[in-house]
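Reading the structure
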Amino acid sequence: MAASSPRNPPPLRGAENQDPLSEMADEDSDEGEDIFVGNSNPVAESFQPDTANGEEPADLFSEEETSTAVNSSITTFKSNGVHSDNENDLFAEVSVELSMENPSTTAKTSGAEFTPSLTLSATQPRSMEQLEEEKDEDSFDMDVAVTNPEKIGDGMNAYMAYKVSTRTTLPMFRNRTFSVWRRFSDFLGLYEKLSVKHSLNGCIIPPPPEKSVVGMTKVKVGKEDSSSADFVERRRAALERYLQRVVCHPSLLQDPDVREFLERDELPRAVGTHTLSGAGFLKMINRASDAVSKMTIKISYSDAWFDNKLQEVESEDLQLRKLHAVVDSLVNHRKELCGNTAVFAKSMAMLGNSEDNTALSRALSQLAEVEDKMETLHQEQAASDFFILAELLADYIRLLGAVRGCFEQRMKTWQSWQEAQSTLQKKREVEAKLLWANKPDKLQQAKEEISEWEGKVTQYERDFDRISVTVRKEFLRFEKEKSKDFKSQIVKYLESLLQSQQRLVMFWEAFLPEAKAIA
Amino acid sequence: MDEDLFLEDVGDSWSFQLGGEDEDDLHEYQAFLGSSFFDLSGDPFSQMGLGDHEGKQFCWKKTHTDSSAEEEEAREGSLSVSAQTIRVTEAVRDGDALTFIVISQKLSGSGEYHVARTHEDFQWLQQCLFSQEVVPGILGVIFPPLPAKPQLNAPTKVLKQLGFLAMGEDWRMYCMALETYLQQVAAHTTLSKNKCLENFLTSSEPPGRQRVRKGIFNRLSQAMEGMRKEGHKDVDDFFQTERDNNLTLTGCSKSATERFIDVVLTEQKLAVACGHFSTALHLCVEQEEDSAVLAFSKICVKLSEVIDSIKRNFESVAENNLSTLGLGLDLESRCQEAEKEMLYRRTCKLVVLETASRNAERAKPVKTAAMDELKVAAEKEFDHVSGVAKQEIARFHSTRVELLRQALILWCEKQLETARDTSFRYSEHLQAFKGLGE
């Protein structure tokens, strides 16, 4: 019942690829939404000769890409995301940056550490929309699938292992196609690592599917019923969508943890994942957001934007929850219809059997068969309702939680900045007092503290600016992804709906002559 | 007998024991037989016309002359309206009761009759038919089943008894069931001649305000209930088979009807759920200039239209199910019950006959003549009933096959049309969606 579609080999970079995208995997199509992936290739190619010194090409490129990412993001989104309409050749800018960044830049480990010491080049900021467009033109480079759930072990120590397969043209990976086996806690572990690293920067990190003690226990115990199978399938599909969202995210894709997750044969057991199940994390976020929203917020132009968006997010959360509840009830009713149809089919079969008149008996038996076929259709439709619509809504409810988390982070950063400013102010007051009281030794200390805090204020202000930029960018990307996601899922839903309907038409057409043949 | 609600109107409870072998019982038995219902002293019906029916209809000539004026009136005459044109067009709410408008076309072609009737009036008609005459063999007629009384603001359990007939808007299904009932009565060669029917269809005054002599045979059935003769073995293979088949079919058709009701109810629930979904989607629409928000709003609006289509599909499918196969199954189920009752009446007559035969054999010489007379009468009655029954059974089967055939064809045609419409609409939606945001 998985909503997975046939995988197409990723086309060559630069090729138009509308069709493969729409037939792509369940969730997000890995459209070239990230400038970094797009950039990396020319970078890689142009830097080929430079890696002759024995460094591992993949690593080098990833470091370069990181720096590139850092640069572009800083230069492009300078003042709190204020848009400008200047156009620039993306690649030209990149090569300019890179020439500044010669290979002497030491390899950095972190995927997204923004080093404030980089000089900001004076390139003009470009509009978000234009960058988005350029991203769209980039080819699809990455395809991830989660398949073949297998039960490993027995009893309460058993677990499900999932095959994670990747197909990619990105040079940062060792091979073009490869697969590894992962278990659920590995996915949770990946999420934990990513949040620790990236959530402070305002990245929207896709949340993983929730833990379910009940569901897993059934599987462990070995219950071979349809509810266990459903549960495993649901989880498999959810894990797949989760991974697809992760690799679709430009910054996260660069993270070595992600790469390791996809590539490495044996992964160390993730520990402490019980603290960070999706629901738990969300609860944390929700509590924090309640607290912070009670704070008074400095009103400025960009803050209005953030306030607005946060409100949008909250109302959307409510709406999606409502939709999810409604779709859930739809799924249940459809399942009920399945049951009723099956029972009705049996009773008609019995009626047909008891019937003397041959033609009538035959027609009634055919009727029973038509109803049986309709039951199958209803089953498939219920699965479609669920796996396409309900899970989509559930995913986005979780994602909105992550979005709220980002806004939260920004508020916290702002708070640090404000607090630092007020501390600085206090220190200055102390200095003034000391000047007046004429105590030179304490004055020296005071001046040192002031200088320290001035540095902090500058740092926090920069942090705040940076996170504001990131959050804004992430949010816009999220909105775009959301529309695309919904649209592609609904198209899929409609296609299945249409197909069901057409088969139904065929059933009726086949039955009509039977009915007419009754004498 | 749950179905025969009119029996509740029967005031007397005539619970006597039949089949006893004492002389005491015999007296009671004689008293019973001596009632006017069994007019043995009257002219025997030499001509029953049993031989000259062709085709599927049961016709018999009326030769009974020794009946009261009322019976005369009740029996003579033929219907002045065309059976197929009888319509029950609507149900009008009148406080707590429903009034039905019955329209029928004059045979002469010179116009139509419009009358308003309540369910009590229908019941009156049914009773008339049951009690119409002391024609032997009347017990062998399969009487068209009258739907149970519709109750407004009734508890769900009561409505459930009506099944399909209580569903549909404005009691439309119920009206159609009444219509079928009237058409069946009017098409029955014997029953259609009942003056009460003419009265019912044409008189502007509501009928049934006159006291109708309550037919004994319904009391008979009720009384016989206590004897549990349903399983009594038959002397005739044809009838034994028919009884067995009927038993199975009654059960099967009732069960099928109930299951189908469940299907239709769930389809209606699905339509309602889709409505909620569609409404909830509309609430997601934001009036924003932001292009991303706008794009999402557009998606929500379009999806809402899709869900609306799905809703309309369910509504149509449920309606089609209701009005064709649902009604057909309901009618089939009730008709099987009607046949069951007829067969039961005949079985009771068989019991009476066998009892009378036994009594005649064991009678003391002084009573022999009387016993023999009783036995002969019972035999005659039984033969008449069996004769009528055979005819009715043949007619019944061909009618019900035809009814089911029509129901199935109509059902299939309507569902096919709905399915094609929906398919077309879905494909339009798909195209619209694919073109979104391009």
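Numbers given for residues are sequential positions, taken from 1 along each chain in its written order. Chains carry letters and ligands carry numbers; both start at the beginning, A for chains and 1 for ligands, and go up in the order they are written. At least 70 in pLDDT is required for a residue's local features to be given in this predicted model, at least 80 for side-chain atom pairs to be given and counted, and no such filter applies to totals for whole chains, interfaces and linings, which use all residues. To obtain the side-chain values, all non-hydrogen atoms of the structure were used and water was disregarded.

Let's shift gears to the sheet that holds strand E1 (residues 142–152) of chain A. All names here are of chain A. One bridge is not enough; two strands pair if DSSP finds at least two bridges between them. The helix and strand labels rest on DSSP assignments: H or I over at least four residues marks a helix, E over at least two residues marks a strand, and numbering proceeds from the N terminus. With antiparallel pairing, the 3 strands of this open sheet are ordered in space as E1-E2-E3. For this open sheet the edge positions go to E1 and strand E3 (177–183), each flanked by a neighbour on one side alone. Recorded for the sheet is a direction-independent mean angle of 20° between the axes of neighbouring strands. Note that E1 and strand E2 (residues 159–168) share 9 bridges and pair antiparallel. In the sheet register, Lys151 faces E2, and the bridge partner there is Met160. We call two residues contacting when some pair of their heavy atoms lies within 4.5 Å. Every axis in this analysis is a line fitted to C-alpha atoms, fitted for helices over the stretch in contact. Angles between the N-to-C directions lie between 0 and 180 degrees. Across the sheet, helix H6 (residues 184–198) lies against E1, E2 and E3, angled at about 100° from E3, the strand it touches most. Packing of helix H8 (residues 226–248) onto the sheet brings it into contact with E1 and E2, and relative to E1 it is tilted by some 150°.

Here the focus is the state of the cysteines. All names here are of chain B. Here, a disulfide means two cysteine sulfur atoms that sit within 2.5 Å of each other. Enumeration over the complete set of coordinates arrives at 1 disulfide over all chains. Covalent S-S linkage joins Cys128 and Cys196, the inter-sulfur distance amounting to 2.5 Å. When the S-S torsion is -65°, as for the bridge of Cys128 with Cys196, the disulfide is left-handed. Here Cys128, found in helix H3 (residues 119–131), pairs with Cys196, found in helix H6 (residues 195–202); they are 68 residues apart in sequence, far enough to count as distant. As far as the burial class goes, Cys128 and Cys196 line up, both buried. Summary of the burial criterion: residues with accessible area below 20% of their type's maximum are buried, those above 50% are exposed, and those between are partly exposed, where the area comes from a 1.4 Å probe applied to protein chains only.

Let us now look at the environment of B:Glu267. Residues and elements named next belong to chain B. Here Glu267 shows up in helix H8 (residues 237–282). What makes Glu267 buried here is its relative accessible area of 5%. For the pair formed by Glu267 and Asn313, sequence separation is 46 residues and the distance between their alpha carbons is 9.6 Å. Polar contacts, as counted here, are pairs of nitrogen or oxygen atoms within 3.5 Å of one another; within protein the pair requires one atom able to donate a hydrogen and one able to accept it, and residues that are adjacent in sequence qualify only if both atoms are side-chain atoms. One polar contact links Glu267 to Asn321, side chain to side chain, over a distance of 2.9 Å.

On to the nonpolar core, then. In plain words, nonpolar cores are sets of buried Ala, Val, Leu, Ile, Met, Phe, Trp, Tyr and Cys residues tied together by side-chain atoms within 4.5 Å. If you look at the biggest cluster of nonpolar residues, it comprises 151 residues, and the most contacted ones within it are B:Leu182, B:Phe277 and B:Leu408. Counting residues per element, this core draws most heavily on helix H13 (residues 358–437) of chain A, at 29 residues. Apart from residues lying up to four places away in sequence, B:Phe277 is in contact with A:Leu323, A:Val326, A:Val327, A:Leu330, A:Leu389, B:Leu303 and B:Ile307. One finds A:Val146, A:Phe173, A:Ile205 and A:Met216 within the second-largest nonpolar core, a separate group that totals 34 residues.

All names here are of chain B. The antiparallel open sheet is built from 3 strands, whose spatial order is E1-E2-E3. At either margin of the open sheet sits one strand with a lone partner, and together these are strand E1 (87–94) and strand E3 (112–118). Between one strand and the next, the sheet's axes are offset by a mean angle of 20°, whatever the strand orientation. Where E1 and strand E2 (residues 97–105) come together, 7 bridges link them in antiparallel fashion. In the sheet register, Val88 faces E2, and the bridge partner there is Val102. Across the sheet, helix H5 (residues 172–187) is in contact with E1 and E2; its angle to E1 comes to roughly 130°. Strand contacts of H6: E2 and E3, with the helix running at about 95° to E3, the strand carrying the most contacts.

Contacts between the two partners involve 61 residues from chain B, matched on the other side by 57 residues from chain A. Each partner contributes to the roughly 5300 Å² buried at the junction of chain B and chain A, and carbon and sulfur atoms together form 76% of this total. The term salt bridge refers to a pairing of a side-chain nitrogen on Lys or Arg with a carboxyl oxygen on Asp or Glu at a separation within 4 Å. The shortest N-O distance in the salt bridge between A:Glu509 and B:Arg420 comes to 2.5 Å. For the interface between chain B and chain A, the tally reads 13 residue pairs in polar contact (both at pLDDT 80 or more). Residue classes in the side of chain B that touches chain A are distributed as 36 nonpolar, 12 polar and 13 charged. As used here, buried area is the combined drop in accessible area, with a 1.4 Å probe, of two parts when they are placed together. Classification used: nonpolar for Ala, Val, Leu, Ile, Met, Phe, Trp, Tyr, Cys and Pro, charged for Asp, Glu, Lys and Arg, polar for all others including Gly.

A separate point is the packing of helix H9 (residues 291–362) of chain B against helix H10 (residues 365–434) of chain B. Residues and elements named next belong to chain B. Direction vectors running N to C along H9 and H10 enclose 170°, while the axes themselves pass 9 Å from each other. Judged on the interaxial angle alone, H10 and H9 are roughly antiparallel. Across the contact of H9 with H10, the residue classes break down as 32 nonpolar, 17 polar and 14 charged. Note that the term roughly parallel is reserved for angles under 35 degrees, roughly antiparallel for angles over 145, roughly perpendicular for angles of 65 to 115, and oblique for everything else.

Once that is clear, we can look at the pairing of E2(A). Working note: regular strand, side chains alternate between the two faces of the sheet. All names here are of chain A. Between the antiparallel neighbours E1 and E2 lie 6 residues, among them Gly153 with a positive phi of about 85°. Sheet analysis places E2 next to E3, joined by 7 bridges and oriented antiparallel. Pairing of Lys163 across the sheet is with Trp181, part of E3.

Moving on: the packing of H3(B) against H6(B). Residue and element names in this part refer to chain B. Close contact between H3 and H6 brings their axes to 9 Å; oriented N to C, the two are set at 165°. As far as their axial angle goes, H6 and H3 are roughly antiparallel. The handedness of the crossing between H3 and H6 comes out as left-handed. In this structure, H3 uses Asp121, Phe122, Trp124, Leu125 and Cys128 to contact H6, whose residues at the interface are Cys196, Leu197, Asn199 and Phe200. Here the residues of the contact of H3 with H6 are counted per class, giving 7 nonpolar, 1 polar and 1 charged. By definition, turning the near helix anticlockwise from the far helix through less than a right angle yields a left-handed crossing, and turning it clockwise yields a right-handed one.

Residues and elements named next belong to chain B. Summarising the sheet, E2 and E3 pair through 7 bridges and their orientation is antiparallel. For Phe100, the partnering residue across the bridge sits in E3 and is Arg117. A loop of 6 residues connects E2 with E3, the two strands running antiparallel in sequence, and Gly109 in this loop sits at a positive phi of about 80°.

Turning our attention to the side chain of A:Lys482. Structurally, A:Lys482 is set in helix H14 (residues 440–516). The exposure class assigned to A:Lys482 is buried, which follows from its relative accessible area of 1%. What A:Lys482 contacts, discounting residues up to four positions off in sequence, is A:Glu316, A:Tyr396 and B:Phe296.

Every α-helical turn comprises 3.6 residues, leaving residues that sit three or four positions apart pointing alike. Residues and elements named next belong to chain B. If you check H9, its first and last C-alpha atoms are 103 Å apart, about what 72 residues at 1.5 Å a residue would give, namely 106 Å. Roughly 40° is the biggest bend found in H9, and it falls at Leu322. For H9, a buried count of 54 out of 72 residues is recorded, marking the element as mostly surrounded by other parts of the structure. To estimate how far a helix should extend, the number of its residues minus one is multiplied by 1.5 Å. In this scheme, the bend at a residue equals the angle between the axes fitted to the seven residues that finish there and the seven that begin there.

What follows covers the packing of aromatic side chains. Whether two aromatic rings pair depends on their centres lying within 6.5 Å, for rings of Phe, Tyr and Trp, where Trp uses its six-membered ring; planes under 30 degrees apart make the pair stacked, over 60 edge-to-face, and the rest tilted. Within this structure, the stated rule accounts for 25 aromatic pairs over all chains. Seen from their ring centres, B:Phe130 and B:Phe143 are 4.6 Å apart, and the 45° between their planes marks the pair as tilted. With B:Phe130 in helix H3 and B:Phe143 in the loop between H3 and helix H4 (156–162), the pair connects residues that are 13 residues apart, well separated along the chain. Among the residues examined, B:Phe130 registers a relative accessible area of 4% and is labelled buried. Every member of this aromatic cluster is reached through a ring pair, and the members are A:Trp305, A:Phe306, A:Tyr396, A:Phe407, A:Phe475, A:Phe478, A:Phe486 and B:Phe296.

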